[in-house]
Amino acid sequence: MARRKQLPEDWESIVRRGVAYWNVLDEHERQQLAELAEFIIAAKRWEAANGFVLTDDVVVTIAMEAAVLILGLDASYFGKVTTIIVHPTTFSIPGPHATEIMGMVDAGPRPLLGEAHHDRGPMLLAWDQVRYAARHRGRGRNVVWHEFAHKVDMLDGVVDGTPPMQDRQMLDRWIDVCTTELELLRSGQGGHVLDPYAATDPGEFFAVATETFFDLPLVMRSEKPELYDVLSNFYRQDPASREPAPASSETQ
Ligand SMILES: [Zn+2]
């Protein structure tokens, strides 16, 4: 697969049509997003699987979505992203796997929307899932944000739900808050804002929390203010501030 160098000419119409998050960004953020996306397109290797064809739509949508995560950081946070392999739809990998019900192991092939292989291994994404999530916000689900969050987590060599953080106080608070929230989820008292899959392990907790942080920021900020706050400090973004104010009928 040939490497691509830059955004295609019609990138803006692709984004306006297919990336709903574009609508909540201001002009400065849009410019940053486009620059980061262009870097992701040029610096990463893109491949298609299962007879799929990589169109500009596919590459631009994935790169723009991924760039949202690092709008407050920089492209070095995607240092472990090497190859992005796009499947047309959910794919399966043989072998036993943990299900969303804790402790259960299902022996069948696992249907996957995405997967981030360890260290500099490839990332796999199912295009139909990517496209749906990019167009429909507010469900707390976004496979691109989930898998790229795993890659950010891997930056320090371990998938432990704690991405690299220089500031010791920030790190201590991160560990405190995330450990408490993971324990609450595991004891059935974690509320409903996070998908139950977050209880799988600390790595999945971070990936799911990231999806929720960007896709349901107002709900997360009101139900999990501490978690919202540590994520906001790490990502250096306040996605709740980008959301339209709630309808006036809800205020008293
Ligand atoms: Zn995951």
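(A) Expanded view of the environment of Ala245. Relative to the helices and strands, Ala245 resides in the segment after helix 9 (225-235). Residues Ala245 and Leu218 lie 27 residues apart in sequence; the distance between their C-alpha atoms is 9.4 Å.

(B) Examining the coordination of the zinc ion more closely. For the zinc ion, every protein donor is listed as His146 (NE2), His150 (NE2), Glu204 (OE) and Glu204 (OE), and the spread of their distances is 2.0 to 2.7 Å. One can describe the donor arrangement at the zinc ion as irregular, given that its four donor atoms subtend angles of 54 to 146° at the metal. Sequence positions of the donors to the zinc ion reduce to the motif H-x3-H-x53-E. Taken together, the residues span a long stretch of sequence, with His150 in helix 5 (residues 143-153) and Glu204 in helix 7 (residues 202-215) at a distance of 54 residues. Looking at His150, the relative accessible area reads 6%, which means it is buried.

(C) Layout of the packing of helix 3 (residues 56-69) against helix 5. Their axes nearest at 9 Å, the elements helix 3 and helix 5 cross at an angle of 55°. By the criterion of interaxial angle, the relationship of helix 3 to helix 5 is oblique. In the crossing of helix 3 with helix 5, the sense of the turn from one axis to the other is right-handed. On helix 5, the residues that touch Ile62, Glu65, Ala66, Val68 and Leu69 of helix 3 are Val144, Trp145, Phe148 and Ala149. In terms of residue class, the contact of helix 3 with helix 5 is built from eight nonpolar, no polar and one charged.

The rules behind the values
- Residues numbered from 1 in each chain as written.
- Predicted model: local features only at pLDDT ≥ 70, side-chain atom pairs only at ≥ 80, totals over all residues.
- Heavy atoms only, no water.
- Helix = DSSP H or I, 4+ residues; strand = E, 2+ residues; numbered from the N terminus.
- Donors = N, O, S within 2.8 Å, 3.2 Å for Na, K, Ca; no water.
- Tetrahedral: all angles 85-135°; square planar, octahedral: opposite > 155°, others 65-115°.
- Buried < 20%, exposed > 50% of the residue type's maximum accessible area, 1.4 Å probe, protein only.
- Axes fitted to C-alpha atoms, helices over the stretch in contact; angles between N-to-C directions.
- Parallel < 35°, antiparallel > 145°, perpendicular 65-115°, else oblique.
- Left-handed = near helix turned anticlockwise from the far one by under 90°.
- Contact = heavy atoms within 4.5 Å.
- Nonpolar A, V, L, I, M, F, W, Y, C, P; charged D, E, K, R; others polar.

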